[in-house]
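# A closer look at the structure
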Amino acid sequence: MATLLVNRLNRRLTFQKQDGFTTNDEGIPVPNWVDHATVWASRRPLRGREFFAAAAVNAENTVRYEIRYRPGITPDMRLLDSGRTYSISAVLEDVYGDRTQTHIMALEELRNG
């Protein structure tokens, strides 16, 4: 079991879930995102097998976040970190089976422009 050290929880994440659609000025439906939860997290680099698996699908912007155990985070949500938006590709709930940690694999969304 690895301990999630509180002093490493140095990033503030906001999880958002989709709540229907709104229409923009051009009449195109745009997803409406609402805040679901805000938590402290640790951003960890990908290593070994994780790194090579992400590189195999050209997902250079894949990152792993570790948070305190929190049920209810799902891959259809997205997260915000320091002005960047990430889509959640995987949620590993209760990683060690002791209700202490949740790990989230996320892919940075590219911006148009």
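The structure presented is a predicted model; accordingly, all values stated were derived computationally and were not measured.

A count of helical and extended segments in the protein gives 1 helix and 6 strands. Along its sequence from the N terminus, the protein presents helices and strands in the succession β-β-α-β-β-β-β. By residue count, 30% of the 113 residues in the protein fall in the buried class. Contacts spanning at least 24 positions in sequence make up 55% of the contacts within the protein whose residues lie at least 6 apart. Summing over all exposed atoms, the protein offers an accessible surface of approximately 7500 Å²; the carbon and sulfur share of this is 49%.

Moving on, we get to the packing of aromatic side chains. For any pair of aromatic rings, the description rests on two quantities: the centre-to-centre distance and the angle between the ring planes. Summed over the entire model, instances satisfying the criterion amount to 1 aromatic pair. Ring centres 5.9 Å apart and planes at 80° place the aromatic pair Y65 and Y86 in the edge-to-face group. Taken together, the residues span a long stretch of sequence, with Y65 in strand β3 (residues 62-68) and Y86 in strand β5 (residues 84-93) at a distance of 21 residues. The residues Y65 and Y86 share a single accessibility class, namely buried.

In space, the 6 strands of this closed barrel follow the order β1-β2-β3-β6-β5-β4, with antiparallel pairing throughout. Across this sheet, the average inter-strand angle for adjacent strands is 40°, counted without regard to direction.

Taken as a class, soluble globular proteins show a tendency for nonpolar side chains to be buried jointly. Counting 14 residues, the largest nonpolar core has L13, F15, Y65, I67, L79, I88 and I104 as its most contacted members. Elements represented by at least two residues in this core include exactly β1 (11-23), β2 (29-44), β3, β5 and β6 (101-108). Per-element accounting of this core gives the leading share, 3 residues, to β3.

With that settled, the discussion passes to the pattern of salt bridges. A side chain of one charge can pair with a side chain of the opposite charge if their charged atoms are brought near each other. The final tally for this structure, using the stated rule, is 4 salt bridges. Close ionic contact of D81 with R11 constitutes a salt bridge, the shortest N to O distance being 2.9 Å. Of the two residues, D81 is situated in strand β4 (residues 78-81) and R11 in strand β1; the sequence distance between them amounts to 70 residues. In this structure, R64 and E66 form a salt bridge, with 3.9 Å as the shortest nitrogen-oxygen distance. In the salt-bridge network here, residues are joined through shared partners; they are R11, R43 and D81.

The rules behind each value
- Residues numbered from 1 in each chain as written.
- Predicted model: local features only at pLDDT ≥ 70, side-chain atom pairs only at ≥ 80, totals over all residues.
- Heavy atoms only, no water.
- Helix = DSSP H or I, 4+ residues; strand = E, 2+ residues; numbered from the N terminus.
- Buried < 20%, exposed > 50% of the residue type's maximum accessible area, 1.4 Å probe, protein only.
- Contact = heavy atoms within 4.5 Å.
- Areas by Shrake-Rupley, 256 points an atom, 1.4 Å probe, with all protein chains shown as cover.
- Phe/Tyr/Trp six-rings, centres within 6.5 Å; stacked < 30°, edge-to-face > 60°.
- Pairing = 2+ DSSP bridges.
- Axes fitted to C-alpha atoms, helices over the stretch in contact; angles between N-to-C directions.
- Core = buried A, V, L, I, M, F, W, Y, C linked by side-chain atoms within 4.5 Å.
- Salt bridge = Lys/Arg side-chain N within 4 Å of Asp/Glu carboxyl O.

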